[in-house]
Amino acid sequence: MPRAIQIAAFGGPDVMQLVDLPVGEPGPGEVRIRHHAIGLNFIDVYQRTGLYPNALPLALGMEAAGVVESVGEGVTHLQAGDRVAYASQPPGSYCEVRVMPAKCVVELPDGIDFETGAAMMLKGMTAAYLLHRTQPQGGLQAGDFVLFHAAAGGVGLIACQWARAMGLNLIATAGSPDKCLLALQHGATHAINYRSENFTARVREITEGRGVKVVYDSIGKDTFEGSLDCLAPFGLLATYGNASGPIPPVNLGVLGAKGSLYVTRPTLFTHIATREGCQALAEELFAMVSSGAVTIPIAQRYPLEQVAQAHRDLEARATTGCTILTL
């Protein structure tokens, strides 16, 4: 039987177990995929710990690329033999073979290999919906300043490149000089080491006191208040992750006092809830990668059986760019 990573209880990396799981035939609206590479994302940690609860036992993982083995009734956009990639619910990508809903599985262009496909779908479509669909009042124009936290991570390095292509001035934050340099090399116009600098003060200095139009924040609790203080009047804080923990309750009056600010909590899965929405977002990503405007930096590879170490490194912020699990 195919191997898979499963948890029977929420907890640390050691709760993940390599097990043999039976895989049946796809039902209506489903496909069966044999994976060639698997993506690693911080949402996998949230699901492992129970911050994002799911029923147990739980097969982990949200992203992979491979080949369609068979399709169920009603699936018309895919067929056996297609090279595909996805980033979608339900969890279960940490495996060799799986059956899953077909609506968020898309055909992978011939010029994009399986490892790149597995590394880029969740992070790349996240960068796409943030920069194109999660915009401040009046939108974003070339020359505008935006702040992007965790800019040396998988989403961040893609966003740096995408923002450069849009003509934006992306201010990156990261946790070391090397990570700041990496963000600059990928298109950030400024970089702030949050361990040695006050990022709010530096943003105000860089923007000559005006602030940024939007902050994209996957850190959560530790950066929330500082992010608000980086915004220009009518600015937008898009908080799309909780790497440092959930944001505590907020007095909405603070938003008025700080400049009639906006706050949103978007998710990728809302944007790809329909096959048409998923296909459109994926095509935006494929176009950017195929054109060379965005490259996908795969900085770490771990065999599937070493997934616990991969999670430890991810949580310790010891990774940069994208990470994949190999089979």
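Structure: above.
These numbers come from a predicted model, not from an experiment. (Residues numbered from 1 in each chain as written. Predicted model: local features only at pLDDT ≥ 70, side-chain atom pairs only at ≥ 80, totals over all residues. Heavy atoms only, no water.)

Trainee: What's the story with the pairing of strand 15 (residues 298–303) in this structure? I'm lost.
Mentor: Looking along a regular strand, one sees side chains alternate from face to face of the sheet. Two strands pair when backbone bridges link them, and strand 15 and strand 16 (residues 322–326) are joined in this way by five bridges, in the parallel orientation. Directly across from Pro-303, in strand 16, lies its bridge partner Thr-326. The handedness of the strand 15 to strand 16 crossover, carried by helix 10 (residues 307–315), is right-handed. (Pairing = 2+ DSSP bridges. Helix = DSSP H or I, 4+ residues; strand = E, 2+ residues; numbered from the N terminus. Right-handed = clockwise from strand over helix to strand, strands pointing away.)

Trainee: What is the right way to look at the side chain of Ser-244 in this model?
Mentor: Among the secondary structure elements, Ser-244 is positioned in the loop between strand 13 (231–239) and helix 7 (253–257). Taking the relative accessible area as the measure of exposure, Ser-244 reaches 16% and is therefore buried. Here Lys-221 takes part through its backbone nitrogen, which lies 3.2 Å from a polar atom of the side chain of Ser-244. A polar side-chain atom of Ser-244 sits 2.9 Å from the main-chain amide nitrogen of Asp-222. Those residues in contact with Ser-244, other than ones at most four positions away along the chain, are Ile-219, Gly-220, Lys-221, Asp-222 and Arg-317. (Buried < 20%, exposed > 50% of the residue type's maximum accessible area, 1.4 Å probe, protein only. Polar contact = N/O pair within 3.5 Å; in protein donor to acceptor, adjacent residues only side chain to side chain. Contact = heavy atoms within 4.5 Å.)

Trainee: So what exactly am I meant to see when it comes to unusual backbone geometry here?
Mentor: Most peptide bonds adopt trans geometry, and most residues besides glycine take a negative phi value. Between Leu-56 and Pro-57 the backbone carries a cis peptide bond, its omega angle lying at -10 degrees. A cis amide bond links Gln-89 with the next residue in sequence, Pro-90, at an omega value of -5 degrees. Looking at where Pro-90 falls in the secondary structure, it is placed in the loop between strand 6 (83–87) and strand 7 (97–101). Positive phi, close to 55 degrees, is recorded for Glu-208, a residue that is not glycine. Of note, Glu-208 is situated in the loop between helix 5 (199–206) and strand 12 (212–217). One non-glycine residue with positive phi stands out, namely Phe-234, at about 70 degrees. Along the polypeptide, Phe-234 turns up in strand 13.

Trainee: For this particular structure, what's the right way to read the sheet that holds strand 13?
Mentor: The pairing of strands in a sheet happens through backbone hydrogen bonds and is either parallel or antiparallel. What the six strands build is an open sheet, ordered 11-10-9-12-13-14; its pairing is parallel. Whereas interior strands pair on both sides, the edge strands pair on one side only; in this sheet they are strand 11 (190–193) and strand 14 (262–264). Averaged over all pairs of adjacent strands, the angle between strand axes in this sheet comes to 15 degrees, irrespective of strand direction. Strand direction decides the pairing type here: strand 9 (residues 145–148) and strand 10 (residues 169–174), joined by four bridges, are parallel. Residue Leu-147 lies in a different strand from strand 10, and its bridge partner there is Ile-171. (Axes fitted to C-alpha atoms, helices over the stretch in contact; angles between N-to-C directions.)

Trainee: Which parts of the structure should I look at to understand the nonpolar core?
Mentor: Side chains of a nonpolar character, in soluble globular proteins, are inclined to be buried together. Core analysis: the biggest nonpolar cluster contains 63 residues, and Met-120, Met-121, Met-125, Trp-162, Tyr-216 and Ile-296 have the highest contact counts within it. The element that contributes the greatest number of residues to this core is helix 2 (residues 114–133), accounting for 12 residues. With residues up to four places along the chain from it excluded, the contact list for Trp-162 reads Gly-124, Ala-127, Ala-128, Leu-131, His-132, Glu-284, Leu-285, Met-288 and Val-294. (Core = buried A, V, L, I, M, F, W, Y, C linked by side-chain atoms within 4.5 Å.)

Trainee: How do you make sense of the packing of helix 2 against helix 3 (residues 154–166) when you look at a structure like this?
Mentor: Each pair of packed helices gets described by two things: the angle between the helix axes and the distance between those axes. Remark: helix 2 packs on helix 3, axes separated minimally by 9 Å, with the N-to-C direction vectors making an angle of 45 degrees. Comparing their axes, helix 3 and helix 2 come out oblique. In this structure, helix 2 crosses over helix 3, and the sense of that crossing is right-handed. Contacts between helix 2 and helix 3 pair Lys-123, Gly-124, Thr-126, Ala-127, Ala-128, Leu-131 and His-132 from the former with Gly-154, Val-155, Ile-158, Ala-159, Trp-162, Ala-163 and Met-166 from the latter. Classifying every residue of the contact of helix 2 with helix 3 by side-chain character gives nine nonpolar, four polar and one charged. (Parallel < 35°, antiparallel > 145°, perpendicular 65-115°, else oblique. Left-handed = near helix turned anticlockwise from the far one by under 90°. Nonpolar A, V, L, I, M, F, W, Y, C, P; charged D, E, K, R; others polar.)

Trainee: Would you explain the sheet that holds strand 1 (residues 3–7) in this entry?
Mentor: The three strands are arranged 2-1-4 in an open sheet whose pairing can be described as antiparallel. Each having just a single partner strand, strand 2 (17–20) and strand 4 (58–59) make up the two edges of the open sheet. Here strand 1 runs beside strand 2; their pairing, made up of four bridges, is antiparallel. If you follow Ala-4 over to strand 2, its bridge partner there is Val-19.

Trainee: Help me understand helix 3 in this model?
Mentor: Structurally, the α-helix is built with 3.6 residues per turn, so residues lying three or four positions apart point the same way. Taking 1.5 Å as the rise per residue, helix 3 with 13 residues should run 18 Å; its terminal C-alpha atoms sit 19 Å apart, in good agreement. Among the 13 residues in helix 3, 10 count as buried, and that is most of the element. Looking at the buried residues of helix 3, the elements they touch are helix 2, strand 9, strand 10, helix 4 (177–185), helix 9 (275–291) and strand 16. Positioned one or two residues after helix 3, Gly-167 has a phi angle of 80 degrees, which is positive. (Expected span 1.5 Å × (residues − 1).)

Trainee: So what exactly am I meant to see when it comes to the environment of Pro-53 here?
Mentor: As for its placement among the helices and strands, Pro-53 is situated in the loop between helix 1 (42–49) and strand 4. For the pair Pro-53 and Phe-10, spaced 43 residues apart in sequence, the C-alpha to C-alpha distance is 8.8 Å.

Trainee: Explanation requested: the pattern of salt bridges in the structure shown.
Mentor: Side-chain pairs of opposite charge can arise where the charged atoms are in close proximity. Summed over all chains, the structure comprises 16 salt bridges. Notably, a salt bridge pairs Lys-258 with Asp-229, separated by 2.5 Å at the nearest N-O pair. Of the two residues, Lys-258 is situated in the loop between helix 7 and strand 14 and Asp-229 in helix 6 (residues 224–229); the sequence distance between them amounts to 29 residues. For Lys-258, a relative accessible area of 33% puts it in the partly exposed group. Of the residues examined, Asp-229 reaches a relative accessible area of 31% and is grouped as partly exposed. Members of the salt-bridge network, linked through shared partners, are Glu-25, Arg-32, Arg-34 and Glu-69. (Salt bridge = Lys/Arg side-chain N within 4 Å of Asp/Glu carboxyl O.)

Purely spatial values, then, with no claim about function.
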